[in-house]
Amino acid sequence: MLLSLQGAFPPAILALADGTVFIGNSIGATGTTVGEVVFNTSITGYQEILTDPSYCQQIVTLTYPHIGNYGVNPEDVEAEKIHAAGLIIKNLPLLASNFRQTETLSQYLVRENTVAIANIDTRRLTRLLRDKGAQNGAIVGLAAGEAVTPERIAAAVAAAKAAPDMNGLDLAKVVSTKQPYTWDQTEWQLGQGYGQQTAPRFKVVAYDFGVKHNILRMLASRGCALTVVPAQTPAAEVLAMNPDGIFLSNGPGDPAACGYAITAVQQILDSGVPTFGICLGHQIMALAAGASTFKMANSHHGGNHPVKDLDTGRVSITSQNHGFAVALDSLPAHLRATHVSLFDGTLQGLEFREKPAFCFQGHPEASPGPHDIAYLFDRFTALMEKK
């Protein structure tokens, strides 16, 4: 955003729980929002990031300095609404241009009632979060004509300190669908848009802990007729549908707080139905099998994370979005690690030695991000073919 045009946007305050304060400009809705402040290193995909349910009650800092230059459009959403608690960026380009654009990022944020701040030093903020770890924060978007005052700054810091801790927070049931639904939309193609599943090969039930649309599209593109069920659906109801496979989705919050899901997955694993988990689903599967999880000091958010497949030695660049991880040294004997992060050595994938079940920590649907790890969806269909 050019300095000469900052006056077109009212001021905004970003306050962290440790008392750090940034002053910038409001580019979204007027008001106050709170959440855990994290940073994401993706260069593109801001619309998909904002609508990812895994960001529920998190304020996202995008480290790339220019955000909004291609606008937004109705097709690039990963859920029905923005789930991120707020957005922090450096520069908002004055012009947005793309043949698919229907509105600007700022217009979209206002329409979705999402508070956002621009024109702050995101490099300084990122270093702070990297060194101290994610912490709670608050964004205060002021209305036109309002000014930053010591009283407003103090209120923002107080709001940041009062925000709930992510530890022990069950958010899967907050973002999950309230009613089961079917899904047959397949992946997007240039010039054609989204397709439709017309030749189902497998009957799959997907647990919605905060599922992203592109995960469902990639399953549908591989011949899966999908029924999506709420997070708190008992295992007996799912198994009564006689599925060929069961999918456990991504989602927000502390996996250890999802006792209902852990119990259900234990029963699903005992049934022997092929099961595939991603992100929160990966963590819940590990907990159901007797492993443990922990809150990471430095969470993973971005589209440039190298992950090594321990079976093949293959290194994939992956999309990541998680603040909890499965403790590698907690795996019981009937589990084995399949993938590890080359950034910090944390566990990225595991599988059961005697059951048709496996899971992955990152986001192989690559929305946004690279497509290197999409082969995991083929691994899931191969398990169902053997059933």
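**Notes on the overall build of the protein chain**
Assigned secondary structure in the protein chain consists of 10 helices and 19 strands. Relative to the globule expectation of 21 Å for 387 residues, the C-alpha radius of gyration of the protein chain, 21 Å, shows essentially globular dimensions. Each of the three principal axes of the protein chain carries a C-alpha extent, and together these read 65 × 45 × 40 Å. Relative to its full complement of 387 residues, the protein chain shows a buried share of 58%. Counting contacts in the protein chain only where the partners sit at least 6 residues apart, residues at least 24 apart contribute 76% of the total. Computed over 27 positive and 33 negative side-chain charges, the separation of the two mean positions in the protein chain equals 3 Å.

**Here we look at the layout of surface pockets**
One water molecule sets the probe size; rolling that probe over the atoms shows where empty space is left. When its volume is computed, the largest pocket comes out at roughly 450 Å³. Together, 23 residues line the largest pocket, and E48, N214, A366, S367 and H371 are the ones closest to its centre. For the lining of the largest pocket, the elements supplying multiple residues, two or more each, are β9 (185–189) and α6 (213–221). Counting residues per element, the lining of the largest pocket draws most heavily on α6, which supplies 3 residues.

**A word on the pairing of strand β10 (residues 193–196)**
Relative to β10, β9 runs antiparallel, the two sharing 3 bridges. Paired with Q189 across the bridge in β10 is G193. Linking β9 back to β10 in an antiparallel pair, the connection comprises 3 residues, with G191 at a positive phi of about 85°.

**Some thoughts on helix α10 (residues 375–386)**
When the terminal C-alpha atoms of α10 are compared, their 17 Å separation across 12 residues agrees well with the 16 Å that a helix rising 1.5 Å per residue should span. Taken together, the buried positions of α10 are Y375, L376, F377, F380, T381, L383 and M384.

**Re the pattern of salt bridges**
Per the counting criterion, the structure on display carries 17 salt bridges. E187 is the partner of R222 in a salt bridge, and the nearest nitrogen-oxygen pair spans 3.7 Å. Of this pair, R222 sits in the loop between α6 and β12 (224–230) while E187 sits in strand β9, placing them 35 residues apart in sequence. For R222, a relative accessible area of 17% gives the class buried. Taking relative accessible area as the criterion, E187 reaches 28% and is therefore assigned partly exposed. For R222, the salt bridge identified is with D378, shortest N-O distance 2.9 Å. Of this pair, R222 sits in the loop between α6 and β12 while D378 sits in helix α10, placing them 156 residues apart in sequence.

**Re empty space enclosed by the protein**
Taken as a whole and judged by the stated rule, the model has 2 cavities of 30 Å³ or more. The volume enclosed by the largest cavity comes to roughly 140 Å³. Lining the largest cavity are 18 residues; nearest its centre among them are S54, P252, G253, H322 and G323. Counting residues per element, the ones that place at least two in the lining of the largest cavity are α9 (280–288), β15 (293–309) and β16 (315–326). Sort the elements by how many residues they give to the lining of the largest cavity and β16 lands first, with 4 residues. Class assignment for the residues of the lining of the largest cavity results in 7 nonpolar, 9 polar and 2 charged. Along the walls of the second largest cavity sit 13 residues, with K212, S319, Q320, N321 and P368 positioned nearest its centre. Top element by residues in the lining of the second largest cavity is β16. It accounts for 3 residues. Residues that form the lining of the second largest cavity fall into these classes: 3 nonpolar, 8 polar and 2 charged.

**A word on a positive patch on the surface**
A cluster of basic residues, K90, R123, R124 and R127, forms a positive patch at the surface. Structurally, the position occupied by R124 is in helix α3 (residues 122–132).

**Points about the sheet that holds strand β17 (residues 335–341)**
An order of β8-β12-β11-β13-β14-β19-β18-β17-β15-β16 is seen for the 10 strands of this open sheet, with the pairing classed as mixed. The open sheet is flanked by β8 (181–183) and β16, the only strands paired with a single partner. Here the average twist between neighbouring strands, direction ignored, is 25°. By the bridge criterion, 7 bridges tie strand β11 (residues 202–208) to β12 in an arrangement that is parallel. Across the sheet, V205 pairs through a bridge with T227, a residue of β12. α9 rests against β13 (245–248), β14 (275–278), β15, β16, β18 (347–352) and β19 (357–360) of the sheet, and its axis sits at about 120° to β14. Seen against the sheet, α10 touches β11, β12, β13, β14, β15, β16, β17 and β19 and runs at an angle of roughly 170° to β19.

The rules behind these values
- Residues numbered from 1 in each chain as written.
- Predicted model: local features only at pLDDT ≥ 70, side-chain atom pairs only at ≥ 80, totals over all residues.
- Heavy atoms only, no water.
- Helix = DSSP H or I, 4+ residues; strand = E, 2+ residues; numbered from the N terminus.
- Rg over C-alpha atoms; globule rule 2.2 N^0.38 Å.
- Buried < 20%, exposed > 50% of the residue type's maximum accessible area, 1.4 Å probe, protein only.
- Contact = heavy atoms within 4.5 Å.
- Lys, Arg positive; Asp, Glu negative; His and termini not counted.
- Charge placed at Lys NZ, Arg CZ, Asp CG, Glu CD.
- 1 Å grid on protein atoms, 1.4 Å probe; cavity = no way out; pocket = protein on both sides within 12 Å on 5 of 7 lines; lining within 4 Å.
- Points joined across faces, edges and corners; volume = space filled by probe spheres on them.
- Pairing = 2+ DSSP bridges.
- Expected span 1.5 Å × (residues − 1).
- Salt bridge = Lys/Arg side-chain N within 4 Å of Asp/Glu carboxyl O.
- Nonpolar A, V, L, I, M, F, W, Y, C, P; charged D, E, K, R; others polar.
- Patch = residues over 30% accessible without salt bridge, like charges linked within 9 Å, V, L, I, M, F, W, Y side chains within 5 Å.
- Areas by Shrake-Rupley, 256 points an atom, 1.4 Å probe, with all protein chains shown as cover.
- Axes fitted to C-alpha atoms, helices over the stretch in contact; angles between N-to-C directions.

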